[in-house]
Amino acid sequence: MSSTYHFLPWAREGLANRLRAPGPREDPRRGHVTVTATLNEESLGDIAVATLGPGDVTGLAPHQILRTDPPPDTLGFEPDHYPTLDLDSPTLPWLFTPLPPTGDRLPPWLCLVAVRQQPGVRLRTDGVRNTTVLEIRAPADARRELPDLTHSWAWAHVQLVGALATGESAAQVLRQAPERTVSRLICPTPLRPDARYHACLVPTFAIGRAAGLNLPLPEGTGPAWHATDQEVTLPVYHHWEFSTGTGHSFADLVRALRFRSAPEGVGRRPFDLAGSGLTAPTGAAPLPPFDGALVRLGSGHTAPPDWVRQALAPLVGTGSGSAAPLYGGEHLDRRTVSVGDTGWLAELNLDPRYRGVAGLAAAVVRDRQEDLVAAAWQQAGDVGPVNRLLATSDVANTVNGSLHARRLTGLPADGLTLTQLAAPLGRTAGAAVVTTTAYRRVSRRRGPIARRVAAPAPVTVAPADVAALTRALEPARTVKQRVDSRLNGATGADQPDRIRVAPTFPTPMVGELARLAPQFLLPGADRIPPDSVVALETNPRFVAAFLAGLTTELASELRWRDFPLAERATLFRHFWDQRGQGGDGTADVPPIDKWPADRRLDQVVTGDAARLVLAVRGELLRRHPRTAVYAVRAASRTAPADEAGTGNVAYPIFGGTLGADLRYFGFDLTEEQATGLTDPPGWFFVFAEQPTETRFGPPPTGDPLAGAGVTAAEVARRTLRLPLRVLIHAADLLTAD
């Protein structure tokens with residue numbers, strides 16, 4: 001992982017680029033530019049224009065502050081780093097500077113200072129002007145707390161992120177890609193370890209200081225303080241606090257890490273059936289231990305003793321007379337499971353460990369059932385009214401089918417003329433509305449049709465015509481037409497008796513497990529020593545059992561609440577949390593009805609294999625939460641491959657936290673691939689400072705300001721701290737003690 005930066009010593013835009021030195025009669029406290037004006041095609045000559053200066057500024061818009069390093073209220077900031085502040089506008093630090101540049105040097109009109117909290121240092125609020133004021137009085141000494149303003153030009157620069165395209169200039173990036181630019185202020189004051197500081201954004205010109213303190217504006221462009229001043233009072237545009245520490249730098253914390261194998265007992269806990277009602281026969285084999293969602297590498301799997309399966313089989317399923325649910329049975333159209341059965345259904349229901357996992361999932365559903373049911377109904381949308389319409393149509397079919405059979409079927413051809421029959425019904429039958437009151441009224445045996453039968457010259461209708469008309473009025477056809485018109489044809493050719501819904505819950509459910517029963521996510525996590533990195537692997541059986549238990553329990557609850565649930569719907573398919581990681585959103589299991597009946601429980605998960613997981617316990621990720629953790633392919637056992645190469649970098653596909661100081665990262669790698677057994681020469685695991693967040697500090701040797709013509713851009717390059725990273729080959733980690 002790498003980033004490309006470009007540093008510029010300063011930036012201005014518009015008329016500010018044409019600022020010149022003030023003339024003898026011009027106010028030096030403002031910027032000055034000469035413009036040429038034309039009126040009605042007649043030149044008015046050169047006109048001197050004054051621009052705003054630092055004396056016109058008393059505050060700064062908060063949205064201009066993009067980032068501070070360290071963040072506010074940080075504890076343990078590295079004292080060998082410089083505090084910095086990033087501004088949104090790349091030209092803001094020089095916007096009100098009333099001077100033209102001297103070569104490539106241009107002092108900013110504001111700067112960043114870090115003042116140690118001590119007697120004599122006070123940060124107060126001026127209630128009259130609603131401003132913040134920094135006071136440094138004896139016994140504190142401003143000479144030790146404030147930087148030398150004669151070098152203020154060196155501690156402000158512009159940063160462009162990303163490589164310049166062919167033919168692209170820095171000026172084009174400034175104008176056209178503001179998202180790639182920031183301006184930055186650096187405080188070069190040396191920090192003490194184990195101290196608390198005020199970080200303040202203050203003016204660099206005396207006129208800016210006077211304007212912020214509501215004092216008479218001085219003449220000239222002198223500095224806000226001198227290197228010899230022992231006491232200083234300054235207005236503050238922005239401020240925050242932080243503390244330094246010792247031994248808390250990224251390098252210190254990485255050096256403290258120990259790469260080791262997971263201790264015995266991690267990922268596994270004893271298991272018994274006390275209180276379950278099942279009694280082991282005399283001399284029976286003991287139960288194998290319970291494995292969590294994360295386990296030690298190579299933990300393996302031991303089947304339960306036969307007596308456990310024999311005791312559970314009669315108790316499970318709808319035909320047993322017991323309340324023990326058959327998890328996943330609906331999806332295989334099964335109601336019971338037998339001792340001799342194989343495959344995932346028997347393993348899930350006759351192994352008490354995985355019945356326990358499914359029971360944990362059921363507890364999660366019961367704990368969250370109101371939210372889950374509400375979310376299911378929200379996904380169902382307007383299915384309720386549609387199903388009520390379909391139910392009404394069933395009644396209409398039944399009632400009108402009876403009317404049709406009794407009053408129209410078998411109608412004699414010479415009993416009514418076609419005209420007499422069709423005319424009264426035209427207004428209703430033509431619209432195929434045999435469910436209406438009008439249809440029943442006109443079709444009564446002694447209704448309007450019967451009374452008009454006494455025409456003097458009846459017309460005989462062919463039997464075929466009467467039969468055709470009778471079929472046209474069949475309720476099975478006309479009711480369906482009416483319902484389809486109400487649903488805009490949404491039901492298709494075959495109208496269902498009820499619309500069924502299969503709601504889905506894509507939220508990763510590992511968070512619910514960690515919230516309700518964290519001891520089952522990684523049993524024995526407390527056995528991992530502080531400042532340790534250990535390798536684990538996922539337990540596919542646990543994942544499949546947990547998701548199956550969630551679906552079975554919620555499906556039962558939804559049906560009890562008369563939710564129109566689709567048969568064999570899989571409601572939960574995501575266990576691990578891929579948010580913010582490199583995963584592609586692929587579900588952890590396919591739909592349960594797609595699980596092959598003859599496969600084991602660990603063979604139904606997506607990928608059909610346990611995934612390698614890196615668990616880190618210690619201060620590193622707590623103090624540096626944005627540490628990049630990833631894997632890079634090895635070129636040899638001692639060197640990584642080029643990260644720019646295709647397929648050479650593997651980012652975590654999921655991750656999470658357990659407790660306050662343990663984080664885990666899952667990779668789409670197996671132990672054999674990572675160690676090089678099946679993918680030689682294997683992979684390195686990498687811990688790296690976040691490469692997109694630039695940090696600065698004193699260079700190891702030399703003065704960053706040394707050299708003729710040095711600019712702020714060169715100072716930034718010299719003080720830039722390259723991201724530190726540590727690599728360890730997976731084979732070394734997995735065999736470490």
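Everything below is about the structure shown above.
The structure contained in this document is the topic of the report that follows.

The helix and strand inventory of the chain stands at 19 helices and 29 strands. Relative to its 737 residues, the chain shows a buried fraction of 47%. Long-range contacts, defined as pairs at least 24 residues apart, comprise 73% of the intrachain contacts of the chain with a sequence gap of at least 6. Looking at the chain as shown, the accessible area adds up to about 35100 Å², and 51% of this sits on carbon and sulfur atoms.

Moving on to helix α3 (residues 206-213). Of all eight residues in α3, seven are buried, a share of seventy percent or more. Turning to α3, its buried residues are Ala206, Ile207, Gly208, Ala210, Ala211, Gly212 and Leu213. Considering only its buried residues, α3 is in contact with β9 (131-136), β12 (196-203) and β13 (232-236). Phi turns positive, to about 60°, at Asn214, one or two residues after α3.

Right, let's talk about the sheet that holds strand β6 (residues 84-87) for a bit. The strand order across the open sheet built from five strands is β1-β10-β11-β6-β4, with neighbouring strands paired in antiparallel fashion. Every other strand in the sheet has two partners, leaving β1 (5-8) and β4 (65-69) as the edge strands with one partner each. Taking the axes of each pair of neighbouring strands and ignoring which way they run, one obtains an average angle of 25° across the sheet. Pairing of β1 with strand β10 (residues 156-161) involves four bridges; the strand directions are antiparallel. The residue bridging Leu8 from the neighbouring strand is Val158, located in β10. Along the sheet face, helix α18 (residues 712-719) touches β1 and β10 and points at about 140° away from the line of β1.

Another point: the environment of Asp351. Along the chain, Asp351 falls in the loop between α6 (344-350) and α7 (352-380). Sequence spacing of Asp351 and Pro304 is 47 residues, and the spatial spacing of their C-alpha atoms is 6.1 Å.

Another point: α18. Within α18, burial applies to Ala712, Ala713, Val715, Ala716 and Thr719. Viewed along the axis of α18, the buried residues span an arc of 160°, placing them on a single side of the element. The inward-facing, buried residues of α18 contact β1, β10, β27 (695-696) and β28 (720-721).

Read across the open sheet, the four strands follow the order β5-β14-β12-β7; overall the sheet is mixed. Strands at the two margins of the open sheet, each flanked by one partner only, are β5 (74-77) and β7 (110-116). Sheet twist, expressed as the average angle between the axes of neighbouring strands with direction ignored, equals 35°. As paired elements, β12 and strand β14 (residues 238-244) share six bridges and run antiparallel to each other. Across the sheet, Leu201 pairs through a bridge with His238, a residue of β14.

Right, let's get into the packing of aromatic side chains. The description of an aromatic ring pair uses the distance of the two centres, along with the angle that the planes make with each other. Per the stated rule, a full pass over the model turns up 22 aromatic pairs. When the centroid spacing of 4.8 Å and the interplanar angle of 75° are considered together, the rings of Trp377 and Phe563 count as edge-to-face. Taken as a pair, Trp377 in helix α7 and Phe563 in the loop between α15 (540-560) and β20 (612-617) lie far apart in primary sequence, 186 residues in all. Given the relative accessible area of 2%, Phe563 is considered buried. Following the ring pairs from residue to residue traces out a cluster consisting of Phe271, Phe290, Phe520, Phe542, Phe546, Phe575, Trp576, Phe654 and Tyr664. The ring centre of Trp153 lies 3.9 Å from the NZ or CZ of Arg105, which sits over that ring. Cation over ring: Arg269 sits above Phe520, and NZ or CZ is 5.0 Å from the ring centre.

This brings us to the pairing of strand β19 (residues 532-538). A regular strand places its side chains on the two faces of the sheet in alternate fashion. Across the seven residues of β19, seven count as buried, placing the element largely inside the fold. Residues of β19 alternate between two faces, with Ser532, Val534, Leu536 and Thr538 on one and Val533, Ala535 and Glu537 on the opposite face, all of them buried. Relative to β19, strand β15 (residues 258-259) runs parallel, the two being bridged by two bridges. Residue pairing across strands places Phe259 opposite Val533, the latter belonging to β19. As defined by bridge partners, strand β18 (residues 294-296) adjoins β19 across three bridges and the pair is classed as antiparallel. Paired with Val295 across the bridge in β19 is Glu537. Across six bridges, the pairing between β19 and β20 is antiparallel. Bridge pairing links Ala535 to Leu614 in β20.

Our next topic: the environment of Phe96. Here Phe96 is to be found in the loop between β6 and β7. Residues Phe96 and Arg30, spaced 66 residues apart in sequence, show a C-alpha to C-alpha distance of 8.1 Å. With residues up to four places along the chain from it excluded, the contact list for Phe96 reads Leu52, Gly53, Pro54, Val57 and Trp109.

Interhelical geometry of α7 versus α15 gives an angle of 45° and a closest axis separation of 7 Å. When the interaxial angle is binned, α7 and α15 end up oblique. When the axes of α7 and α15 are compared, the crossing they make is right-handed. Grouping the amino acids of the contact of α7 with α15 by side-chain chemistry returns 17 nonpolar, two polar and four charged.

Conventions we followed
Residues numbered from 1 in each chain as written. Predicted model: local features only at pLDDT ≥ 70, side-chain atom pairs only at ≥ 80, totals over all residues. Heavy atoms only, no water. Helix = DSSP H or I, 4+ residues; strand = E, 2+ residues; numbered from the N terminus. Buried < 20%, exposed > 50% of the residue type's maximum accessible area, 1.4 Å probe, protein only. Contact = heavy atoms within 4.5 Å. Areas by Shrake-Rupley, 256 points an atom, 1.4 Å probe, with all protein chains shown as cover. Pairing = 2+ DSSP bridges. Axes fitted to C-alpha atoms, helices over the stretch in contact; angles between N-to-C directions. Arc of directions from axis to C-beta. Phe/Tyr/Trp six-rings, centres within 6.5 Å; stacked < 30°, edge-to-face > 60°. Lys NZ or Arg CZ within 6 Å of the ring centre and 35° of its normal. Parallel < 35°, antiparallel > 145°, perpendicular 65-115°, else oblique. Left-handed = near helix turned anticlockwise from the far one by under 90°. Nonpolar A, V, L, I, M, F, W, Y, C, P; charged D, E, K, R; others polar.

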